[in-house]
Each structure stands twice: as structure tokens, then as C-alpha cells.
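Next come the chains, spelled out residue by residue.
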Amino acid sequence: MSSITPHYRTITDLLQSRTFSIDEYQREYKWERENIEELVHDLTSTFVRSYSEGDTPRHAADYDAYFLGSIIVTRRGNKSYLVDGQQRVTSLTLLLIHLYRQATALGLGVLSTIEPLIYSDNYGEKIFNLDIAERTPVIRALFQGEEFNPDDKEESIRTMARRYADIEDLEIADELGEGFETFIYWLLRRVGLIEIATDSDRHAYAIFETMNDRGKPLSPVDMVKAYLLAPIEDSADRASANERWKRTVLDLISWGDEPDTERDANCIKAWLRAQYAESTRERRKGAVDKDWELIGSGFHRWLRDNSARAGVGGHQQNLRMMTEEFPFFARQYLRIHDAGRTLTPGLESVFYNAHNDFTWQYTVLLAPLCVTDDEDTVRRKIEATAAYLDIWLMRRVVNYMRSGYSAVNYAMWSLCREIRRKPLDELIGILVGKLEAEDVTFEGSVTNGRGGVEDLRLNQFSKRYIYHLLARVTAHVDAGAGRADGFAHLVDRGLKNPFDIEHIWADKYERYAEQFEGRQDFDAWRNDVAALVLLPADVNRSVGDKPFEDKSAAYGKQNFYAASLTAGAYQHQPKFAQFCQSEQLPFQAYERFGKHEQEERSALLLRLVNAVWSPQRLEELKA
């Protein structure tokens, strides 16, 4: 007779020298950036509530614990198969790899503690804890810090590479500072879950079905509906409210090509935070969760405890929320969802922010909306707020300022309060005023002493943002020269021949050594954003390590931003010439490309960036 055994496992207990597999028919790894950001935010926030400056790893034994839920495992021989839990185990593996690499870079002594949670040493061969053959190459590359191109790989591998990049963007070590090593020990010893283990596949899948089907508890969305329905006594109104709520939830979870059973809950979180959150937790030991956090962790409880603030509690109030307010904000949530996936005229900035994976935008874009707004006002408010976020975000990243989920959490709460339910013209005035008041611009930042675009270089942090910047500038120049806006095409990684970043300087230091003080100086100039363009991958490979003089002809056949380096771009191109003149843009062709030419190109790029991310975009949306 097979046994079914539940055990509480810390992360160390779960992963210490163990391996997990999954069956071929299991679904792909599908976590999105938002899921990773929420997990890391919850973990670091829970840790910070216990941590005091000066605490050592030993103090973590007395910190508050964090519970990750349950997983179901079936044993076959010497292998454990994940029946339920691969999303969390995969995400934990990615997080541990990142923490290991950061600890290595910082020279911390926790490495030997993390290693056996990532892999087992089998006679000198690394067997990773996630023992899935097709995913091993990406795990190995991430663990060893090697370049890995996931573009032509299966969905799970692409997703794993992207989520690892998202974890890097969160800059956990920088955020936690001296507490980073203590956080690692806390994570390994005070974060845990329930492992339900059996040696029978039949029992494992029966448990899974029971937990996810029969006897399934009410979801937070169901509990909100039940709470709102209770005071509605009129049978016709009650039936109408129930039907409208059900239809709205169904629209949310089944919308588009990729149904999402969590989209209804995510929509409600964004709506309640945007429209009603008045407080947020302080970042100090012992601080308690406030509106912003409570809505995120249990919006059904928050609504019940804050009914007066949300304007519910009676028959007519609840009827209105169920039949008018929720359906309205659900429609706008789906509008934002669609505009983030397809470049939509009038909502372009939503697409730009989605490409930058700015997951707070759903919440912030709902904040200025009112149920009474007409369709045109809704669109203008969404685009104006998205344009503000686009400018604000890009100003930060070109100055190497963190913009991840936790880093801007407070700023987004504050922004929602400032713009909540504001009329269109007042909204735009607030947003433009905030941009004008900031000391962080594309020229630089007084706060951190950076030089903005002129100090922006390609590195691990900046690569994704430089790609975005170059695509926006390239599309802007092409549009000015009479071509269609090609941004969506430029950033489409699903193309057979996607665009890549091309260095104008070939990686041949010895060729240019006399112009530079040393290899480091050369690398700084070569990786400067003004020395980069976007080219199709095959063209990029074909020009290879050729000097500028030999590859400029290939540039001349590409987009206008790249082609403008060559004389051909200025011949028989009246629209491009008119664009340069009307915008007073100092484009120039070059026979050679050296330091002086790059400095001129840098000045040109700064002008283009200020045009692309001009606050005037907001002014043009006024009623």
C-alpha cells in the first residue's frame, strides 16, 4: 500500500542534494515578470520587517517565517517528479542561481551553503536540482555566467532566461545592502512549503485533482462577490449583479489568445490599489502592512475591512460596484492588456512600457479614470499617464537608477494618490509639472552624478534599455523620413531575422590602440550608446569585425538612423532632408569613424532622445 506523507520543508530541506523532474505532458514554465517581481518583493519585504542594521546571519533564525504554499511530489525509483509546483521550484532555482552569482561577486562565505541547493556533484558532474534534459543548458549557462541565446528555443527555456533577467533587474543585493548575506540565510532556513509526497502516480494526481477541483475553496474573487451580494436584497437586482459580475470575470480570464485564470484577481488588485489605497507600509523593522500591501495580499479582506472608504456596504452602493464600477475597470484593464501586446494608435506609450516590462503600469493607468469618463477621455487619460511613465522610466534607466518592482513601489503608490480621478487637463498639468520638477533628465542626474545619455554604455544592466532606446530612436527617424513606424518590428524577437545591437567599432583593440589610453578606455568608447545601431541579425553577422570604412555600405541599406552615417542617406531623400532641417538635427555622413565623429553622434542622439521622450506628448492630449 502506497503512503501519502505531508512534510513541512524549508528551502534547504526541499532542495538539499535532491533532483526533481517533470513529465513530458506537463505544461510549460509560464511565470511572467509580474509573478517574479511579486515573489521577490514579498520575500524581501518580509525579511526587512525583521532585519535590523548590524544583524548577522545568525539573527535570521529568529526572524518571521514565510510560507510558499504546497507542492505535490511522486517518487519513481530514485527520482522525484513534480505533479504540482514546477512553477515555484523553477523560479526558486533561478533566484538561487542569481543569489549564488551575486554572493560570488561579493566574496561572501555562503556559497557552499547555496551550491547543494542548485546542483549535486555526481563524480565531478553537476546534476542540477531541476533535472529536465532540455532545460539543463539554460540552467548551466545561467549558473556559470555564460552567454545564452534563447530566441530559437522552446517556450520554457525562453521564459526561464527572461525571468532570470528580471531577477537581475531587481538588484536584490543593492536593495538590501549589508543585509544581503543575512537575507540569503533567512531565505534558505525560514522560507518553506508543504511537500505532499507519495510513491504512487495515481495517488499524486488524485491529490492534485482534489486540491484543484473537487472541494476547491472559494477564491478571493468569489469572496468579494459574496460579500458584495449579501446586502442586495431585491431578487432582480441580486440576479442582475451576480450575472454581470460572472460575465465580467469570464471576460477577464478568457480574454485573448492566452486565457489566464489569475487575470480577474490581478485586475481587482490593480483597480482597488489605483482607486482606494491611501497608505503604504514604512520600510523599517516592525512596520505593518497598510492599504497598498493589504490589497496585494488579500484584497477580499481589505474590502471588507474598508467598506466605507471603497463606498460599499449598502444595497445601491454594492449594486453599483458590481454592475458599473467593476465592469468599467475590467474593460480598461483589458484595453491596457491589449495595447501592451499590440502597438495601438492613440495608446502607443502603453506598448512602450510593456516592452520595458514595467508591470506597475496597469495599476497606475487605472488611477486617473472615472466611471463617468467617456471613451475618448479614457483613452487620453491612459495615454497621457503612460507617456509620463515612459519618460520617467527612461530618464531613470539612462542614469542607471533602479526601476524594478520594489525600487519604485513607493513612487507608484504616491503617484496613484496624486492623479486619482483627476480631470484630463488637471491630470496632464500634474504629470508635466512632475517631469519639469525632476532633476533626473536625459542630460544627467544631480542626485547620482551621472551624465545621462552621454554617459550611457552597454552593460548587463543597460542592454535591454539601450535596445529599447535605439529602437525608439530608429523608428522616430524612419517615421520622420516618411517610412512607417517600425518600432514593433524592431523589437519583435519572434522574427526569423530579428534585429541586434551592432557596434560601430569592431572588437579589435589592436586596430585602434593608438587612439586610446588602454583596453578599458577603448571598451568604454566602443560600448557607448552613440557608437551603436540596430541591424538585422544576418547583416550584423555579415559585417562582423570589419572596420567602419568597409561596412558602412551595408549600413547605407538599412534604417535611416544607421544609414545616416553614410553619404547615400542624403542623396535623393527629400523627406529625410526636410526632417533634418525642420527638427534642426545635425546628421552627418562620415568616411571614417573616430572619437570626434562619435562625440558629434552623441550630441545628435541626445537631441533625438529629447524629441522622442518630450513632455510635449502629454500636452498634445489635452481636451
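**Q** Is there a simple way to explain helix α2 (residues 33-50) in this structure?
**A** Note: α-helices contain 3.6 residues per turn, so residues at a spacing of three or four share the same orientation. Under the 1.5 Å per step criterion, the end-to-end length of α2 is 26 Å for 18 residues, consistent within 8% with the ideal 26 Å. The buried fraction of α2 is high, at 14 of 18 residues.

**Q** Hey, could you run me through unusual backbone geometry in this one?
**A** Most peptide bonds are trans, and most residues other than glycine sit at a negative phi. Backbone geometry at Tyr 400 places phi at a positive 60°, although glycine is not the residue there. With respect to the element layout, Tyr 400 can be found in the loop between α18 (375-398) and α19 (409-419). Non-glycine residue Arg 421 carries a positive phi angle of around 55°. Following the sequence through the fold, Arg 421 ends up in the loop between α19 and α20 (424-437). You can call Arg 421 partly exposed: its relative accessible area is 40%.

**Q** How should the sheet that holds strand β1 (residues 4-10) be read in this particular structure?
**A** Sheet strands pair by backbone hydrogen bonding; their relative direction is either parallel or antiparallel. Pairing is mixed across the open sheet formed by 5 strands, whose spatial order is β1-β7-β3-β4-β2. Each edge of the open sheet is held by one strand with a lone partner, namely β1 and β2 (20-21). Of the strand pairs in this sheet, strand β3 (residues 66-76) and strand β4 (residues 79-84) are connected by 5 bridges, and their pairing is antiparallel. Looking across to β4, one finds that Thr 74 is bridged to Tyr 81. Across the sheet, helix α8 (residues 180-190) touches β1, β3 and β7 (191-198), and the angle it forms with β7 is around 30°.

**Q** Any chance you could explain helix α15 (residues 315-341) here in plain terms?
**A** Given a rise of 1.5 Å per residue, 27 residues ought to cover 39 Å, and the 38 Å separating the end C-alpha atoms of α15 matches this to within 8%. The largest bend in α15 is about 40°, located at Met 321.

**Q** Would you explain the packing of helix α5 (residues 136-144) against helix α6 (residues 155-169) in this entry?
**A** A pair of packed helices can be characterised by two numbers: the angle between their axes and the separation between those axes. Between α5 and α6, the shortest axis-to-axis distance is 9 Å and the interhelical angle comes to 20°. By the angle between their axes, α5 is roughly parallel relative to α6. Crossing hand, α5 versus α6: right-handed. Residues Val 138, Ile 139 and Leu 142 of α5 pack against Ile 157, Met 160, Ala 161 and Tyr 164 of α6. The residue inventory of the contact of α5 with α6, partitioned by class, reads 7 nonpolar, no polar and no charged.

**Q** In this structure, what is going on with the packing of aromatic side chains? I would like to understand it.
**A** Pairs of aromatic rings are described using the distance from one ring centre to the other and the angle between the two planes. Per the counting criterion, the structure on display carries 37 aromatic pairs. Measuring from ring centre to ring centre gives 6.3 Å for Tyr 119 and Phe 128, while their planes differ by 70°; the resulting arrangement is edge-to-face. Summarising the burial analysis for this pair, Tyr 119 and Phe 128 share the class buried. Taken together, a centroid distance of 5.0 Å and an interplanar angle of 90° make the contact between Phe 328 and Phe 329 edge-to-face. Taken individually, Phe 328 and Phe 329 each receive the classification buried, so the pair is uniform in this respect.

**Q** What exactly am I supposed to notice about the packing of helix α11 (residues 235-254) against α15 here?
**A** With their axes 10 Å apart at the nearest point, α11 and α15 run at an angle of 15° to one another. When the axis of α11 is compared with that of α15, the two are roughly parallel. The hand of the α11/α15 crossing is left-handed. When α11 is examined against α15, the residues Asp 237, Ser 240, Ala 241, Arg 244, Trp 245, Thr 248, Val 249, Asp 251 and Leu 252 are found in contact with a partner set consisting of His 315, Leu 319, Met 322, Thr 323, Phe 326, Pro 327, Ala 330, Arg 331, Tyr 333 and Leu 334. Tallied by class, the residues present in the contact of α11 with α15 amount to 11 nonpolar, 4 polar and 4 charged.

**Q** Looking at this structure, how should I read the pattern of salt bridges?
**A** Oppositely charged side chains can pair when the atoms bearing their charge come close. Under the definition given, this model contains 37 salt bridges. A salt bridge links Glu 243 to Arg 247; its shortest N-O distance comes to 3.8 Å. Taken together, the positions of Glu 243 and Arg 247, both in helix α11 and 4 residues apart, correspond to about one turn of that helix. Close ionic contact of Lys 595 with Asp 521 constitutes a salt bridge, the shortest N to O distance being 3.8 Å. Here the residue Lys 595 occupies a position in helix α29 (residues 595-612), and Asp 521 occupies one in helix α24 (residues 519-526), the gap between them amounting to 74 residues. Lys 595 gets classed as partly exposed once you look at its relative accessible area, which sits at 25%. Through salt bridges with shared partners, a single ionic network connects Arg 33, Glu 37, Arg 163, Asp 166, Asp 169, Asp 357 and Arg 464.

**Q** Just to check I follow, could you spell out the nonpolar core for this structure?
**A** In summary, soluble globular proteins display a tendency toward joint burial of nonpolar side chains. In terms of nonpolar packing, the biggest core is built from 194 residues, with Ile 172, Trp 186, Met 412, Leu 469 and Phe 587 touching the most fellow members. Looking at which element gives the most residues to this core, the answer is α18, with 13 residues. With sequence-adjacent residues up to four places away left out, Leu 469 is seen in contact with Met 394, Val 398, Leu 456, Val 529, Leu 605, Val 609 and Trp 613.

**Q** I tried to follow the confidence of the model for the chain on my own but got confused; where do I start?
**A** Detailed reading of the predicted model is not advised wherever pLDDT is low. Residues of the chain with pLDDT of at least 70 account for 95%, and the chain-wide mean is 91. Taking the mean pLDDT of every element in the chain, the minimum, 59, falls on helix α9 (residues 201-212) and the maximum, 98, on helix α17 (residues 361-366).

**Q** Got a minute to help me understand the pairing of strand β6 (residues 125-128) in this structure?
**A** Regular strands show a simple pattern: their side chains alternate between the two faces of the sheet. Pairing between strand β5 (residues 119-122) and β6: 4 bridges, direction antiparallel. Counted as the bridge partner of Tyr 119 is Phe 128 from β6. Hairpin connection of β5 to β6: 2 residues between the antiparallel strands, including Tyr 123 at a positive phi of 55°.

Quick notes on the rules
Residues numbered from 1 in each chain as written. Predicted model: local features only at pLDDT ≥ 70, side-chain atom pairs only at ≥ 80, totals over all residues. Heavy atoms only, no water. Helix = DSSP H or I, 4+ residues; strand = E, 2+ residues; numbered from the N terminus. Expected span 1.5 Å × (residues − 1). Buried < 20%, exposed > 50% of the residue type's maximum accessible area, 1.4 Å probe, protein only. Pairing = 2+ DSSP bridges. Contact = heavy atoms within 4.5 Å. Axes fitted to C-alpha atoms, helices over the stretch in contact; angles between N-to-C directions. Bend = angle between axes of the 7 residues up to and from the residue. Parallel < 35°, antiparallel > 145°, perpendicular 65-115°, else oblique. Left-handed = near helix turned anticlockwise from the far one by under 90°. Nonpolar A, V, L, I, M, F, W, Y, C, P; charged D, E, K, R; others polar. Phe/Tyr/Trp six-rings, centres within 6.5 Å; stacked < 30°, edge-to-face > 60°. Salt bridge = Lys/Arg side-chain N within 4 Å of Asp/Glu carboxyl O. Core = buried A, V, L, I, M, F, W, Y, C linked by side-chain atoms within 4.5 Å. pLDDT = per-residue confidence, 0-100.

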